[in-house]
Every structure is written in C-alpha cells, then in structure tokens.
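Chain residues, written in single-letter form:
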Amino acid sequence: MSDTDLRDIEALDARKPDGIAVVTGGSRGIGAAIADRLGAEGYTVAVHYRQDEAAAADVVGKIVAAGGAAFSFAADLAEPDSGTAFWAAYDAAAGELRDAPVRILVNNAGIVVDGVIEETSAEDVNRLLQINATAPFLIIKEALPRLADGGRVVNVSSGAARLPMPGIIGYTMSKGALEALTGPLAQHLGPRGITVNAIRPGTTDTDMNAHWLRGNSEAIAGRVAARALRRMGDPTDVGDVVVLLASHDARWITGQIIDATGGERL
Ligand SMILES: NC(=O)c1ccc[n+]([C@@H]2O[C@H](COP(=O)([O-])OP(=O)(O)OC[C@H]3O[C@@H](n4cnc5c(N)ncnc54)[C@H](OP(=O)(O)O)[C@@H]3O)[C@@H](O)[C@H]2O)c1
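Worth saying up front: this structure is predicted, and the values here are computed from it rather than measured.

Colleague: For the overall build of the chain, give the residues involved together with the corresponding values.
Modeller: Looking only at helices and strands, the chain has ten helices and seven strands in total. The globule rule puts the C-alpha radius of gyration for 266 residues at 18 Å, and the 18 Å found for the chain is close to it. C-alpha atoms of the chain, sized along the principal axes, occupy 50 × 40 × 35 Å. Within the chain, contacts between residues at least 6 apart in sequence are counted, and of these 73% link residues at least 24 apart.

Colleague: Please set out the site of the ligand residue by residue, giving values where relevant.
Modeller: In the region of the ligand, 29 residues are neighbours, and Gly25, Gly29, Gly110, Thr206 and Met208 sit closest. Looking at side-chain class alone, the shell around the ligand contains eleven nonpolar, 13 polar and five charged residues.

Colleague: Tell me about the nonpolar core, and name the residues and values.
Modeller: Core analysis: the largest hydrophobic core is formed by 62 residues, its most contacted members being Val45, Val47 and Val242. Those residues in contact with Val45 that sit more than four places away from it in its chain are Ala21, Val23, Ala35, Leu38, Gly39, Ile63 and Ala70.

Colleague: Any details on the environment of Leu163? Residues and values, ideally.
Modeller: Note on placement: Leu163 falls in the loop between strand 5 (147-156) and helix 6 (169-179). Judged by local crowding, Leu163 falls into the partly exposed class, with 15 C-beta atoms found within 10 Å. Sequence-distant contacts of Leu163, that is, excluding residues within four places in its chain, are made with Glu264 and Arg265.

Colleague: Summarise the pairing of strand 3 (residues 69-74); cite the residues concerned and give the values.
Modeller: If a strand is regular, its side chains alternate between the two faces of the sheet. Sheet topology places strand 2 (residues 44-49) next to strand 3; six bridges connect them, and they run parallel. Paired with Thr44 across the strands is Ala69, a residue of strand 3. Read from strand 2 through helix 3 (residues 53-65) to strand 3, the crossover connection turns out right-handed.

Colleague: Quick one: what's the story with the sheet that holds strand 5, residue by residue and with numbers?
Modeller: Spatially, seven strands are ordered 3-2-1-4-5-6-7 in an open sheet, and the strand pairing comes out parallel. Looking along the sheet, the strands with just one partner apiece sit at the ends: strand 3 and strand 7 (257-260). Averaged over all pairs of adjacent strands, the angle between their axes in this sheet comes to 20°, without regard to strand direction. In this sheet, strand 4 (residues 102-107) lies alongside strand 1 (residues 20-23) in parallel orientation, the contact comprising four bridges.

Colleague: Explain unusual backbone geometry residue by residue, including any values.
Modeller: Notably, Arg265 is not glycine yet its phi reads approximately 45°, a positive angle. With respect to the helices and strands, the residue Arg265 is situated in the segment after strand 7.

Colleague: Can you explain the environment of Val154? Please cite residues and give values.
Modeller: For Val154, the position within the fold is in strand 5. Placed 55 residues apart in sequence, Val154 and Asp99 show a C-alpha to C-alpha distance of 21 Å. Val154 has contacts with Val106, Asn197, Ile199, Val242, Leu245 and Ala246, leaving out every residue within four places of it along the chain.

Colleague: Give a description of helix 5 (residues 122-143) that names residues and reports values.
Modeller: Its 22 residues give helix 5 an end-to-end C-alpha distance of 30 Å, which sits within 8% of 32 Å, the value for a rise of 1.5 Å per residue. The largest bend along helix 5 reaches roughly 40° and is located at Gln130. Along helix 5, the positions that sit buried rather than exposed are Leu128, Ile131, Asn132, Ala133, Thr134, Ala135, Pro136, Leu138 and Ile139. The inward-facing, buried residues of helix 5 contact helix 4 (82-94), strand 4, strand 5 and helix 6.

Colleague: Outline the packing of helix 2 (residues 29-40) against helix 10 (residues 235-245), supporting the account with residue identities and numerical values.
Modeller: Look at helix 2 against helix 10: their axes get within 8 Å of each other, and the N-to-C directions meet at 50°. By the angle class used here, helix 2 and helix 10 are oblique. With respect to the hand of their crossing, helix 2 and helix 10 are arranged in right-handed fashion. When helix 2 is examined against helix 10, the residues Gly29, Ile30, Ala32, Ala33, Ile34, Arg37 and Leu38 are found in contact with a partner set consisting of Pro235, Thr236, Val238, Gly239, Asp240, Val242 and Val243.

Colleague: Go over the packing of helix 4 against helix 5, please, and point to the residues and values.
Modeller: A pair of packed helices is characterised by two quantities: the angle between their axes and the separation of those axes. Here helix 4 crosses helix 5 at 55°, and the two axes come no closer than 8 Å. In terms of orientation, helix 4 lies oblique with respect to helix 5. Both helix 4 and helix 5 take part in a crossing whose hand is right-handed. Of the residues in helix 5, those in contact with Ser82, Gly83, Thr84, Phe86 and Trp87 of helix 4 are Ala135, Leu138, Ile139, Lys141 and Glu142.

Colleague: Give me the lowdown on the environment of Ile258, citing residues and values where you can.
Modeller: Looking at where Ile258 falls in the secondary structure, it is placed in strand 7. Ile258 sits 135 residues away from Glu123 along the chain, and the two C-alpha atoms are 30 Å apart. Apart from residues no more than four positions distant in its own chain, Ile258 is found in contact with Asn197, Ile199, Arg200, Val241 and Leu245.

What counts as what
- Residues numbered from 1 in each chain as written.
- Predicted model: local features only at pLDDT ≥ 70, side-chain atom pairs only at ≥ 80, totals over all residues.
- Helix = DSSP H or I, 4+ residues; strand = E, 2+ residues; numbered from the N terminus.
- Rg over C-alpha atoms; globule rule 2.2 N^0.38 Å.
- Contact = placed C-beta atoms within 7 Å.
- Near = placed C-beta within 6 Å.
- Nonpolar A, V, L, I, M, F, W, Y, C, P; charged D, E, K, R; others polar.
- Core = buried A, V, L, I, M, F, W, Y, C linked by C-beta atoms within 7 Å.
- Buried ≥ 20, exposed ≤ 12 C-beta atoms within 10 Å, placed from the backbone.
- Pairing = 2+ DSSP bridges.
- Right-handed = clockwise from strand over helix to strand, strands pointing away.
- Axes fitted to C-alpha atoms, helices over the stretch in contact; angles between N-to-C directions.
- Expected span 1.5 Å × (residues − 1).
- Bend = angle between axes of the 7 residues up to and from the residue.
- Parallel < 35°, antiparallel > 145°, perpendicular 65-115°, else oblique.
- Left-handed = near helix turned anticlockwise from the far one by under 90°.

Below is the structure:
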C-alpha cells in the first residue's frame, strides 16, 4: 500500500465511518467503562461476556438509552476453540451488521488467580494462559479479514507485567504473553494502517479484586501510597485511555505498551 493510500485510510478513520467496536468482557468493570465510552463516541458496540447476561444487557441498555447502538453476545474464552466460537456467537448476534467492518477490537476479558508459585497449579497456569493470552491471539487471528484498514487493536494487560507481584505469578505470566503480541502484530498489520497497542492498568476497583480490596482500607491505602497520583483507580480511568488509543488522535502510536497505573512505583 502506498503512502497516499495509508493517509487516505487515516482520513477515513478520522470520519468514523460505519464500523463496529468489539469489547471482550464488556459486561462488567473496565470493559463496561470502555464499551460505554465507545458508545458515546458513536461506535456501534459489540459487548461480549461469558455468563453474566444481565450485566451485559445493562451495558447495552445504557448505551442505547444515551442514543447509541450496541448488542451483546456470549462466548466462553476458556474453550480451546475460543476464536472460532467467539466470532460465531458474534455473527449470530450481529444480524445484518455481521459483515460491517470491525474498526476497534479491545481484548479486555481476563481472569486472575491468586497465588505464589508454590500455590499455583499447572491447571491454574493453563487456564490463565488460555483466557488471558491464547484467546486474544485467536480472536485477533480470526478477526483479520473483518478488521477495517485503519482500525485499532487494544489489548488490556496489567501493571503486574511491570511490577513484580509474586502473589499473582500465573496472572503475570499470562499478561506477559499477551504483551508479547504487541510488537509483532503492530509490525504485521501496520501496512494496513491498523495500530496494535497494549495498556497496563493498575489496581482498579472492580469485581476482579473485590475479595481483597473492597472495604479493606489498609489494602487501599497501600496501593494509593505506591502511586504518584494518590488515589484508587476506577474503571473509567482505564477505559478512557483505551478509548484514547482507539481514537484517530492516536493514529501514530503503535506497538506500544502504555502504563495506566496512575504512576505506580515509578
Ligand atoms: N481490576 C484491576 O485491578 C485490573 C488491573 C490490571 C489489569 N486488569 C485487567 O483488566 C481487564 C478487565 O478486568 P476487570 O477488573 O474489569 O474484570 P472483571 O470486573 O472481573 O470483569 C471481567 C470480564 O471478563 C469476562 N470474562 C471473565 N472470564 C471469562 C471467560 N472465561 N470467557 C469470557 N469472558 C470472561 C467477564 O464476563 P462475565 O461477567 O460474563 O463473567 C467480565 O466481562 C482484565 O484483562 C484484567 O486482567 C484489571
């Protein structure tokens, strides 16, 4: 593709033509904040979830009530054929939109398993790698013909990939694998004007860490004290950075891993 063609693609991107923004794990927490913002930006948002249909319906309802467009679909990323099953479920839910280009793909769904190495089983590690790294790989792979030239891929990693946290070692390993996709894919998809970036959120108040964080003032104080920006993060703090990376303004950023921890342990 010539330089002029690539600039045409970028100009097209600036106009936000028809296209879908797909958010994995868009039903709760950070994913719900990302879906909400992308809906407000005017994208038709495909809200993926695993089993919490009501939560996904709430996200869709909120976007539609604000004048946007959205639909939801379910797929369990723990399954080995998660890429194929994901897009089959998407097609079934998208109806006549199934052939519309996917302009933004956010791989946000993820799980954490607590434990130092002695407490982490092979099964834990395999599950973490499957859901947090292999599934995004397969979802992107199967999405390649659907992705719009000039589109965006954003993978949600974790500050844990930078900050040693021995108590979530399997999770850290899985996010390292997810991050390793960024450079090669950015290089591979750059000729199509597609950017590929990853974001590292810090500890954020969501269901994922409610078991040790919510209502635990000591744990909250510890996290806050470790940050340059002295407060707990909420899902919109992360969602807004993802939307920034997905925007036209971020068209010259690719292959990067962006820290969004509020400056944790700088
Ligand atoms: N919260 C934090 O402090 C933090 C910090 C750094 C990075 N992150 C990363 O940010 C992302 C979102 O985290 P969050 O805190 O918003 O998580 P969350 O509130 O626990 O929500 C997780 C989302 O992922 C979906 N999901 C979980 N397991 C799945 C599976 N097997 N198949 C398909 N979907 C599945 C859930 O769907 P259902 O609701 O249907 O189960 C839900 O939509 C994750 O990748 C996480 O690693 C979070």
